[in-house]
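Single-letter residue listing:
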Amino acid sequence: MSGDALYDTIARIYDPWSVSVREDVGFYVDEALHSGGPVVELAVGTGRIAVPTAMAGIRVIGVDESPGMLAVAREYAEREGVTERLDLRVGDLREPPVTERVPLVTIPFRSLLHMPSDAEKVRALAAAKALLQPDGLLVFDVFAPSREDIEETDGLWIERELGIFERADWDQRRRSLVLTVRSDDRTAATMELHWLSAAEWNAVIEDAGLEVEALYGWFDGRAFEGGEDMIWVCKPTSVPLDEARPGR
Ligand SMILES: C[S@@+](CC[C@H](N)C(=O)[O-])C[C@H]1O[C@@H](n2cnc3c(N)ncnc32)[C@H](O)[C@@H]1O
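Residues numbered from 1 in each chain as written. Predicted model: local features only at pLDDT ≥ 70, side-chain atom pairs only at ≥ 80, totals over all residues. Heavy atoms only, no water.

Draft legend 1. Examining the site of the ligand more closely. As a structural note, the neighbourhood of the ligand is formed by 21 residues, with Tyr14, Ala43, Arg48, Asp64 and Leu93 the closest of them. Within the contact set of the ligand, a nitrogen atom lies 3.2 Å away from a backbone nitrogen or oxygen of glutamate 65. Leucine 93 places a main-chain nitrogen or oxygen 2.9 Å from a nitrogen atom of the ligand. Here the residues of the shell around the ligand are counted per class, giving ten nonpolar, five polar and six charged. (Near = heavy atom within 4 Å. Polar contact = N/O pair within 3.5 Å; in protein donor to acceptor, adjacent residues only side chain to side chain. Nonpolar A, V, L, I, M, F, W, Y, C, P; charged D, E, K, R; others polar.)

Here you go:
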């Protein structure tokens, strides 16, 4: 894997940029504790969730295509004294360099929206499924913007955190968001995100050989009622007995 992954240029501003995003950490740590671990986190980034999970006593295998993001995660784990519980691997989430089978795979903070098409989303989910033990769960969150959100932010530079600016250019027809982030010193990256409706996610999940166990609308476990946030809990599709045992 080359060292020029998209997030490499913003790896050092990622944590200050996302500092206010805290609502998901406890949720994913609780899921990890409930599973008993180990956990595979795909697109682990700077360890924003993986390090607190390791601090809770759960072993985490974290995969990310950005060596720069993983370097920040490694430093975070060292500061917290949990390096022995955090196994960081450079790789693509569609072909994760993981041979272990685990009770929980997670893809937090909308990372699946980096997949440009339904086919790539299916590929990513199928790859995640392949890492699960038979009774394992895949948990991921995504969003679909509201019309108000699009109207309020489209084409505008917004100072998201002190000295860190972002600009969202929405394309409602293609359902894509071009997001540019930069800091005062001009560190910048532009990324494209591709959202889907809940019904479309359902179809993608099914195509990946998974079925939905729960769909939450927020990290406190409230049911999804058509809002911007979706937190999906999936399990491998159960194979009917007559299909599992041909000839019976
Ligand atoms: C929004 S960040 C999420 C990081 C972390 N999970 C968190 O919750 O803070 C998205 C991450 O996805 C990673 N990423 C994007 N495409 C990827 C791919 N194809 N394979 C592996 N990682 C990818 C980026 O490098 C980045 O670290």
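Draft legend 2. Local environment of the domain arrangement of the chain. Domain annotation for the chain reports domain 1 (6-145 + 194-244) and domain 2 (147-192). Every contact between the two is made by 19 residues of domain 1 and, on the other side, 24 residues of domain 2. With both chains or domains summed, domain 1 and domain 2 bury close to 1700 Å², and 67% of this area falls on carbon and sulfur atoms. Here domain 1 is connected to domain 2 by one salt bridge. A salt bridge links glutamate 200 to arginine 175, with the nearest nitrogen and oxygen atoms 2.6 Å apart. For the interface between domain 1 and domain 2, the tally reads five residue pairs in polar contact (both at pLDDT 80 or more). With three residues, the single largest contributor to the side of domain 1 that touches domain 2 is helix H1 (residues 11-17). Class assignment for the residues of the side of domain 1 that touches domain 2 results in twelve nonpolar, five polar and two charged. (Domains from an automatic or database assignment. Contact = heavy atoms within 4.5 Å. Buried area = accessible area lost by both parts, 1.4 Å probe. Salt bridge = Lys/Arg side-chain N within 4 Å of Asp/Glu carboxyl O. Helix = DSSP H or I, 4+ residues; strand = E, 2+ residues; numbered from the N terminus.)

Draft legend 3. Local environment of the pairing of strand E9 (residues 188-194). Examined bridge by bridge, strand E8 (residues 176-183) and E9 share seven bridges and lie antiparallel to one another. Opposite leucine 177, over in E9, you have leucine 193 as the bridge partner. Remark: four residues form the turn of the hairpin made by E8 and E9, two consecutive strands paired antiparallel; arginine 186 in that turn has positive phi of roughly 75 degrees. (Pairing = 2+ DSSP bridges.)

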